[in-house]
Structures are given as C-alpha cells and as structure tokens.
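Here is what each chain is made of, one letter per residue.
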Amino acid sequence: MAPKATKKRSAPSDPDGMFAGMDVFLVEIGVQPRRLQIWKQKLEQMGASIEDRLSKKVTHVFAMNSEALLQQIGRQRLSRFKGSVLLYQWLEGSLSLGEKVSEAPYILTLESGEGSLSNKSFKECGSKASNGYGSSDDETSHHKKIRTSPEDPKTASTKDMDDTVNIAVYEERKTVSSSDDLSPTHSPVNSSPTTPDALTKTVEISDSSLPYSPPDQNHNITEIFGKLVNTYRALGDDRRSFSYYKAIAVIEKLPFKIENMDQVKHLPAIGKSMQDHIQEIVSTGKLSKLEHFETDEKVRTVSLFGEVWGIGPATALKLYDKGHRTLDDLKNEDSLTNAQRLGLKYFDDIKTRIPRHEVQEMEQLLQKAAEEILPEVVVICGGSYRRGKASCGDMDIVITHPDGKSHIGFLRKYVKHLKDIKFLREDLIFSIHSEEDTDAGVDTYFGLCTCPGRELRHRIDLKVYPRDIYAFGLIAWTGNDVLNRRLRLLAESKGYRLDDTGLFPATQSSSSKRGTRAITSLRFKTEREVFDFLGFPWFEPHERNL
DNA sequence: CAGTAG
DNA sequence: AGGCCTTACTG
DNA sequence: GCCT
C-alpha cells in the first residue's frame, strides 16, 4: 500500500528504548562535536527523536550550562517553553545507569543558576581522573565481581594514568578501524605508544575542550562508599556491596556538590540507608560505620586474606577463626589448596600491575608461540589491555582459529610449549572442554607467567573459543563489566540470553534441564555484528571503559 | 557439596 | 518477600 | 543495600 514506510533509519531506533517519546532539542554550544554526535546517536537509538529547532513538539532541551542555553535560545523563547530544560549530565547519568534518572537534580534554570554555578567549577576540577570503583577499574573486566581496591593508595596513581591514556587514545580512535576478530597476525588496537609529553598535552587540550568532564564533586562520599563496596565484598555480602557500587555510579554523575538531602532524596539506588550515610558524611566528613570496619581486626584480617587468589570470604573467615592474623601465618597452614598456596607465595607479584608495554611484549610472544604450533591461529589480549589502559592487573588472552575446528586440542599443546619456554610458570586451573563431546566448549587455563627475562609473576588467563562463538568470548573478556552488563540486559529485554559463549533465544527451559545443551547460539562473526543485532551502539574497545 | 573465579 | 549474574573446576 |  502506501509507501509511507520510510524506514531509512540506518541505526534502527528502538521505539521501546529508554528515551522513547522524547523530542529533544540540543543546545550545541560548548559541546565537543564528537560528544554531541555520540549523544545524538544514543538518543535516537533509544527511541528519542531529535529536532533541529525548538518546535512545539519538543519535550526536552539539553544544554551544557545556562550561558550556552541563553546564547542559543534567548530568555523570551525560553520562558515560553514548557518542557524540561536539563543539563547533559542527565543524559550521561541515564545512559550509564541504563535507565532514565530523575530530572530534578539536572534541571537548568536561569534564576537559581544552579547549572551555571556548577558549571563554573567544572573548569577548576578539570579532567580529574574519574576514580573507577569496581567498574572502570580494570583489575579485571568481564562480568565478574566487584573487585577493586580504590582505597589502596599504592594504586591510586596508576588509576590516574589509565584515564589519561584513555583520553589520548580517544583522539586517534578513528584511525583504528578493525578491532575485530578473525584476522591473524595483525594485532588489533594495541598501537598507542603514547609518550608522556603527548599525554600531558592531550590532557590539557581536553581540559579546555571538555569543560564539563567528570564532575566528581562528591568524592568524599564516593570514596567512602567505595571502601564499603570492598569491605562488604570481602565479608561475602555481595548484594550489599553491589548496592554501594550502584550508588557510587549515580553520585559520580551529579553535577553539583551535595549539601542538603533534598538533592539526593529521589535519586535511583539511593534509599534510606544511603541517605543517612550521605547525611553523616556531608556533615561530619566521615562515616562511623566505615571507621568501625577499618579498626575492626576481624574485618581487616578477613579482607586481607581475601585478597589472596583462591581465598574467598568463607575461607578467609575460617582462617581467621583458626587464629591466623597475617599472611605469614598462612604459610604454615596446611589446609590451603595448591592454588591458594601459589596465590599466597606470589601475593605481591600478582598485585603488581603490568605496564602496558610489557603486556604488549608478552602478547606478541604469545602470538608467535601460538602460530608455531597452529598456523592461522588468532591470539588477542583482551581485558583492560585491549581497552587501552596504561597498565593491567592481569592478562586475558582470547584465542580461536578461523577454520572452526583446529582450535580443538590446541590449548594442551600451547600450554606445554609455553611452559617449555618458561613463559608459564605455575598452574592454577586447567579445564579442557573442547575435546569432549558435542560441546561448544571453551578451553580455559588460569596460571602465572613471567615477562621474558624476569621473575615477577603475573596472572594470565588463556581461553580458546570455537570460531562460531569467538565474538562473544572477545566481547565478554574485553569488558568492561559495566558494558557487559548492559549488553546482557539489552539482550534480555529483547528475549535473549547473552554470555561469553553466545546469544541464545530465551527459552525458559534453559535453566531447567542440564543435559539439554543442544541449544546453540546465534552465529556472529564479529563483535560489531553482535552489537548491531542487539541494537547497541558500537563502542571501540578503548571506548568500553564505562 | 561448598567455595571460588572470571 | 525475594531478586539482584552464570558456569565450571578444585578438593 | 535497593527495588518491585
């Protein structure tokens, strides 16, 4: 019939997206073009439509600050506008949370000047490294637990470094096009031998061109909450830990410094307890609850023990109850497993972050060694390395083979060889699954390795994927965990289940029966195809530090 | 099976 | 009141 | 811990 269906939208907007029904007008003054483009794209993809002028249908106006707002629209026309006038931070907050946040804190008014006020101070705080609790931290990526140590003063500086590099990489992103998949020999995104000079320079640029950047005005609060995240995690209370983790994400996005409780009353993830805590921190500067934790010998000891690879909350508590108080004590404990003993022996080694250039060196070694055993094999270092970080807590190596079958049995030979050349030093876990039956099995090895010529132990994971589900493995092990979670939730909302082994139609029986492994994943060759299928905007690996 | 890891 | 991640190995 |  009527060919009215003009479906020419390249990026299919999702009518059920979180911005559905919104008609937005964007004040472009003071917005970095790239950032603007990203926002436009996301708005449209999540159901909003963008107007080029402030027409009647417009429901939302976004601006960087009140100056830009006035400059573009003018007081009169503005006073006639009945919709919401918000800071772009609302967008940021909603995107990072995956759902619309309350508009109240982001409302931009000319009278109160709240927006312009906070905007002023943006310049001062500039591009302060956004402290990444859990998520943006790269200790590990994936859909893992919340494991970080924001309180560790020793790692503080490296965090800053990480973010710095990200900004630098951001600049040269366009040039790096292929991030993907089945292309042997040539490594993906590693190329960023940024010099210190280049770094500082880039930072300065971004300082002036990103006047909004990460606010981080409530660092006092997020810092304390971050410590609670780790503490509860160490105690085995993952749920509670996660709550603080989510609260941090919300608070970090706020464009103002919290002073009275009304500003925080209706924020998502902030309930009664959080409000009380914020109240106490704002008025006293500290949180007695945390102080208590930090002086409690039991909590401190259990936390420490839990940092040993292989020791979790339960074991840590047992060890404490046995009377152990220091890591030295544990060395004489014979109930420890092999892996735990190794974790203990190389405790400091494993905690030592690996400079990017060393990871690069090892990745090349790994690629070369792999090809000697199996030509055409694809070896990519994922994790925080692939996301462009300046240093990495460990290495996540994702492997496949383009012919779809010769990956089988590869890992055994590979590991043996890597041991022969003294690259791999100690084993933690070795699980072979591909050699068995019909499984779309992933072979996995966890162990310790050393950089050539050195003795310092690093954690390394080797994972071999069948070609057909390789893209999923690559996505999952590149992370970060926030991105993975969003992908997973998006898939879920569209009736699928996503994990590192594939994308499956959501059959309810998927959880019921065990033997029914026959459910096969949808096939995608590249990461981008997966993103596209899910209707998720494409993120280059270095853009996945959410 | 509990505990742990990613 | 009950969900908030899933899956596989170690011992 | 928060949220439905």
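Along each chain, residue indices are assigned from 1 in the same order as the chain's sequence is written. Both sets of labels track the order of writing: A upward for chains, 1 upward for ligands. Note on the predicted model: pLDDT of at least 70 is required for a residue's local features to be given, and 80 or more for side-chain atom pairs to be given and counted; whole-chain, interface and lining totals, by contrast, use all residues. Heavy atoms from the whole structure form the basis of all side-chain values; hydrogens and water molecules are not counted.

Our working rule: UniProt positions are given in the numbering used here, feature names are shortened, and annotations may be inferred rather than shown by experiment.
The name an unreviewed UniProt entry gives chain A is DNA polymerase, with Camellia sinensis as the organism. UniProt annotates chain A under Subcellular location (unreviewed entry) with the comment "Nucleus". UniProt annotates chain A under Catalytic activity (unreviewed entry) with the comment "DNA(n) + a 2'-deoxyribonucleoside 5'-triphosphate = DNA(n+1) + diphosphate".

### Some details on the protein's contact with DNA strand D
Convention followed: Being near a molecule or strand, for a residue, means having at least one of its heavy atoms within 4 Å of it. Pairs of N or O atoms are called polar contacts if they sit within 3.5 Å, as long as, within protein, a hydrogen donor faces a hydrogen acceptor (for residues adjacent in sequence, only side-chain-to-side-chain pairs). Counting from the N terminus, the helices are DSSP H or I runs at least four residues long and the strands are E runs at least two residues long. Under the scheme applied here, ten amino acids are nonpolar (Ala, Val, Leu, Ile, Met, Phe, Trp, Tyr, Cys and Pro), four are charged (Asp, Glu, Lys and Arg), and all others, including Gly, are polar.
Around DNA strand D, the structure places 14 residues, and the nearest of them are Tyr232, Ser243, Ala269, Gly271 and Lys289. A share of 68% of the atoms of DNA strand D within 4 Å of the protein falls on sugar and phosphate groups. Between DNA strand D and the protein, one listed contact pairs a phosphate oxygen with a side-chain N or O atom of Arg240 at 3.2 Å. When contributions to the surface near DNA strand D are tallied by element, the ones reaching two or more residues are helix H9 (238-253) and helix H11 (272-284). Classifying every residue of the surface near DNA strand D gives seven nonpolar, three polar and four charged.

### Quick notes on the packing of aromatic side chains
Under the convention used in this document: Here a Phe, Tyr or Trp ring, Trp counted by its six-membered ring, pairs with any other such ring whose centre lies within 6.5 Å, and the pair is stacked when the planes are under 30 degrees apart, edge-to-face when over 60, and tilted otherwise. Burial classification: accessible surface area is computed with a 1.4 Å probe over protein chains only, and a residue below 20% of its type maximum counts as buried, one above 50% as exposed, and the rest as partly exposed. Here, a charge over a ring means that NZ of Lys or CZ of Arg falls within 6 Å of the ring centre while also lying within 35 degrees of the ring normal.
For the structure on display, the rule yields 13 aromatic pairs. Judged by centre distance (6.0 Å) and plane angle (20°), the rings of Phe62 and Tyr88 are stacked. You can see Phe62 sitting in strand E3 (residues 60-63) and its partner Tyr88 sitting in helix H4 (residues 88-97), a full 26 residues away along the chain. Here Phe62 matches Tyr88 in class, with each residue buried. Arranged with centres 4.9 Å apart and planes meeting at 65°, the rings of Phe531 and Trp538 form a pair that is edge-to-face. Judged by relative accessible area, which is 0%, Phe531 ranks as buried. Classification of Trp538 by relative accessible area gives buried; the value is 14%. Taken together, the ring pairs connect Phe225, Tyr232, Tyr244 and Phe293 into an aromatic cluster. Directly above the aromatic system of Tyr320 lies the positively charged group of Arg325, at a separation of 3.7 Å from the ring centroid. The ring of Trp538 carries the charged tip of Arg544 above its face, separated from the ring centre by 5.1 Å.

### Things to note about the sheet that holds strand E9 (residues 424-431)
Under the convention used in this document: Think of it this way: DSSP has to see at least two bridges between two strands before they count as a pair. Axes here mean lines fitted to C-alpha atoms, for a helix over just the part in contact, with angles spanning 0 to 180 degrees between N-to-C directions. Throughout, a contact is declared for two residues whenever any of their heavy atoms are within 4.5 Å.
Strand order in this open sheet of five strands is E6-E8-E11-E10-E9, and the pairing throughout is mixed. At either end of the open sheet lies a strand with only one pairing partner, and these are strand E6 (378-381) and E9. With strand direction ignored, the average angle separating the axes of adjacent strands in the sheet is 20°. Both E9 and strand E10 (residues 443-449) contribute to a ladder of six bridges, which runs antiparallel. Within E10, the position partnered with Asp427 by the bridge is Gly447. Sheet contacts for helix H18 (residues 356-373): E6, strand E8 (395-400), E10 and strand E11 (458-464); angle to E6, the most-contacted strand, approximately 165°. Here helix H20 (residues 410-420) sits on the sheet and contacts E6, E8, E9, E10 and E11; the angle it forms with E9, its principal contact strand, is near 160°.

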